[in-house]
2 protein chains.
Amino acid sequence: MQRIAVDMDEVIADALGELLARYNRDNGQSVTKADIQGKWLWQALPEEARQQIDAYLQSEDFFEDLPVIEDSQEILQRMSQRYEIFIATAAMAFPNSFGTKYRWLRRHFPFLSPHNFVFCGDKSILHADFLIDDMPYNLAGFRGEGILFTSPHNVGAIGHRRADTWQDVAKLFLA
Amino acid sequence: MQRIAVDMDEVIADALGELLARYNRDNGQSVTKADIQGKWLWQALPEEARQQIDAYLQSEDFFEDLPVIEDSQEILQRMSQRYEIFIATAAMAFPNSFGTKYRWLRRHFPFLSPHNFVFCGDKSILHADFLIDDMPYNLAGFRGEGILFTSPHNVGAIGHRRADTWQDVAKLFLA
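Residues numbered from 1 in each chain as written. Chains lettered and ligands numbered in written order. Predicted model: local features only at pLDDT ≥ 70, side-chain atom pairs only at ≥ 80, totals over all residues. Heavy atoms only, no water.

S.K.: Tell me about the domain arrangement of chain A, and please be specific about residues and values.
M.R.: Residue and element names in this part refer to chain A. According to the domain assignment, chain A contains domain 1 (3-14 + 67-173) and domain 2 (15-58). Summarising the inter-unit geometry, the C-alpha centres of domain 1 and domain 2 are found 22 Å apart. With both sides pooled, the region where domain 1 packs onto domain 2 buries about 1000 Å², and carbon together with sulfur makes up 56% of that total. For the pair domain 1 and domain 2, the interface holds one salt bridge. (Domains from an automatic or database assignment. Buried area = accessible area lost by both parts, 1.4 Å probe. Salt bridge = Lys/Arg side-chain N within 4 Å of Asp/Glu carboxyl O.)

Structure follows, in structure tokens:
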């Protein structure tokens with residue numbers, strides 16, 4: 001059985017959407033994902049916003065209530081019948097996030113075993129056939145085949161097979 | 001640079017020693033590691049002790065104050081000059097342990113980067129040249145070369161190169 005490692009933030013968990021919602025709420029703004037195409041969030045917002053964004057990310061509850069990326073539940077459930085699915089998230093940058101990330105995964109992806117969760121820093125440690133991730137940097141260090149999941153910050157990146165949506169992932173792995 | 005993954009409990013963190021200390025304290029006993037050679041702790045203790053042991057493992061503070069396994073700090077520090085060292089611990093069985101395990105590693109192994117910590121369930125996900133671990137089961141699923149670190153429960157296990165102490169690890173990797 002082939003093994004697929006799946007990133008969490010921006011692939012199954014909409015951390016960017018939650019950051020934008022909090023930023024807009026606290027600053028009376030209405031920035032959308034469409035407004036920040038081709039940029040990291042901190043490049044798209046005023047300099048003063050950086051500390052605010054950092055504070056959101058470091059807060060205890062940030063990862064608790066992240067929206068689920070569209071179609072990821074249904075398609076991962078179908079994929080889990082045919083592949084060994086691992087969730088691999090770079091949690092070490094946010095030591096406060098371990099418990100909330102674990103609970104979020106159990107709540108929204110109850111069909112995945114915690115045995116297959118990986119909280120790491122450097123994804124080159126993963127031994128899998130595929131890695132679905134929004135960070136070109138993570139795919140570059142990975143020894144299997146990388147699939148770049150589209151996110152505003154990576155729209156200009158080249159060199160990897162790409163999935164814009166979970167329907168695209170289904171086409172790659174469930175066709 | 002070759003990459004070495006190192007398990008935490010029973011390899012650098014003396015979880016068994018802490019379990020024995022708590023069990024002895026709460027039951028007026030004086031069971032030692034020598035008394036349980038060739039057995040898992042729960043095989044060596046009376047049936048009634050199992051719930052007690054489970055409760056110790058699940059308690060919030062258990063992993064906070066584990067003694068450091070002898071010589072592991074000095075030798076890992078020397079090894080980290082010549083190898084890429086990752087710490088890989090099966091934390092998913094103890095979701096309460098994430099934060100304490102992270103803090104324990106930062107406190108006792110400050111020369112290791114959190115970027116190289118891996119909290120996982122199934123160690124077959126690791127991509128490394130070597131894995132030093134006390135669980136024959138973990139080594140069996142690992143694709144690199146396994147080194148079995150001696151612990152009372154594994155003294156009868158065969159089929160892997162073995163290190164009884166960190167001095168033995170130094171002989172293998174720093175000779």
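S.K.: Tell me what's going on with the interface of chain A and chain B, and back it up with residues and numbers.
M.R.: Counting residues at the interface gives 24 residues for chain A and 24 residues for chain B. Together chain A and chain B conceal approximately 2100 Å² of surface at their shared face, both sides included; 65% is due to carbon and sulfur atoms. When the buried surface of chain A facing chain B is broken down by residue, M92(A), I125(A) and H127(A) rank first, second and third, together holding 31% of it. Counting across the chain A and chain B interface gives seven residue pairs in polar contact (both at pLDDT 80 or more). Elements with a minimum of two residues in the side of chain A that touches chain B: β2 (84-89), α5 (98-108) and β3 (117-119) of chain A. Of the residues contributing to the side of chain A that touches chain B, the split by class is 14 nonpolar, six polar and four charged. (Contact = heavy atoms within 4.5 Å. Polar contact = N/O pair within 3.5 Å; in protein donor to acceptor, adjacent residues only side chain to side chain. Helix = DSSP H or I, 4+ residues; strand = E, 2+ residues; numbered from the N terminus. Nonpolar A, V, L, I, M, F, W, Y, C, P; charged D, E, K, R; others polar.)

S.K.: How would you explain the nonpolar core if you had to name every residue and give the values?
M.R.: The biggest cluster of nonpolar side chains holds 100 residues, and the ones touching the most others in it are M79(A), W166(A), M79(B) and W166(B). Ignoring sequence-local partners within four residues, the contact set of M79(A) consists of I4(A), I85(A), I132(A), W166(A), V169(A), F173(A) and L174(A). Core analysis: the next-biggest nonpolar cluster, separate from the first, contains 24 residues, L139(A), F86(B), I125(B) and L126(B) among them. (Core = buried A, V, L, I, M, F, W, Y, C linked by side-chain atoms within 4.5 Å. Buried < 20%, exposed > 50% of the residue type's maximum accessible area, 1.4 Å probe, protein only.)

S.K.: Which residues make up the confidence of the model for chain A, and what values do they have?
M.R.: Here chain A averages 95 in pLDDT, while 100% of its residues score no lower than 70. As a predicted assembly, this complex carries a pTM of 0.94 together with an ipTM value of 0.93. (pLDDT = per-residue confidence, 0-100.)

S.K.: I'd love a proper account of the pattern of salt bridges, names of residues and values included.
M.R.: All names here are of chain A. Taken as a whole and assessed by the stated rule, the structure comprises 26 salt bridges over all chains. Of the charged contacts, one joins E84 and R3 as a salt bridge, the two residues approaching to 3.2 Å between their closest N and O atoms. Here the residue E84 occupies a position in strand β2, and R3 occupies one in strand β1 (residues 3-6), the gap between them amounting to 81 residues. Looking at E84, the relative accessible area reads 24%, which means it is partly exposed. One salt-bridge network, in which partners are shared between bridges, spans D7, K123 and D133.

S.K.: How would you explain the packing of aromatic side chains if you had to name every residue and give the values?
M.R.: One pass over the full model with this rule turns up 25 aromatic pairs over all chains. Pairing F98(A) with F119(B) gives two aromatic rings, centres 5.3 Å apart and planes at 55°, and the pair type is tilted. Placement of F98(A) in helix α5 and of F119(B) in strand β3 (residues 117-119) is noted, with the two residues assigned to different chains. The burial state of F98(A) is the same as that of F119(B); both residues are buried. Put simply, the rings of F98(A), Y102(A), F117(A), F119(A), F98(B), Y102(B), F117(B) and F119(B) pair up and form one aromatic cluster. (Phe/Tyr/Trp six-rings, centres within 6.5 Å; stacked < 30°, edge-to-face > 60°.)

S.K.: Which residues make up the pairing of β2(A), and what are the values?
M.R.: All names here are of chain A. Of all the six residues making up β2, five are buried; the element is thus mostly covered by neighbouring parts of the structure. Of the strand pairs in this sheet, β2 and β3 are connected by three bridges, and their pairing is parallel. Within β3, the position partnered with I87 by the bridge is F117. After leaving β2, the chain enters α5 and then returns to the sheet as β3, a path that is right-handed. (Pairing = 2+ DSSP bridges. Right-handed = clockwise from strand over helix to strand, strands pointing away.)

S.K.: An account of the packing of helix α4 (residues 72-79) of chain A against helix α7 (residues 166-173) of chain A is requested, with residue identities and associated values reported.
M.R.: Residue and element names in this part refer to chain A. Packing of α4 against α7 leaves a shortest axis separation of 9 Å and a crossing angle of 15°. Overall, the two elements α4 and α7 adopt an arrangement that is roughly parallel. Two packed elements cross with a definite hand, and for α4 against α7 that hand is left-handed. On the side of α4, the interface is formed by S72, I75, L76 and M79, while α7 contributes W166, Q167, V169, A170 and F173. The residue makeup of the contact of α4 with α7, split by class, is seven nonpolar, two polar and no charged. (Axes fitted to C-alpha atoms, helices over the stretch in contact; angles between N-to-C directions. Parallel < 35°, antiparallel > 145°, perpendicular 65-115°, else oblique. Left-handed = near helix turned anticlockwise from the far one by under 90°.)

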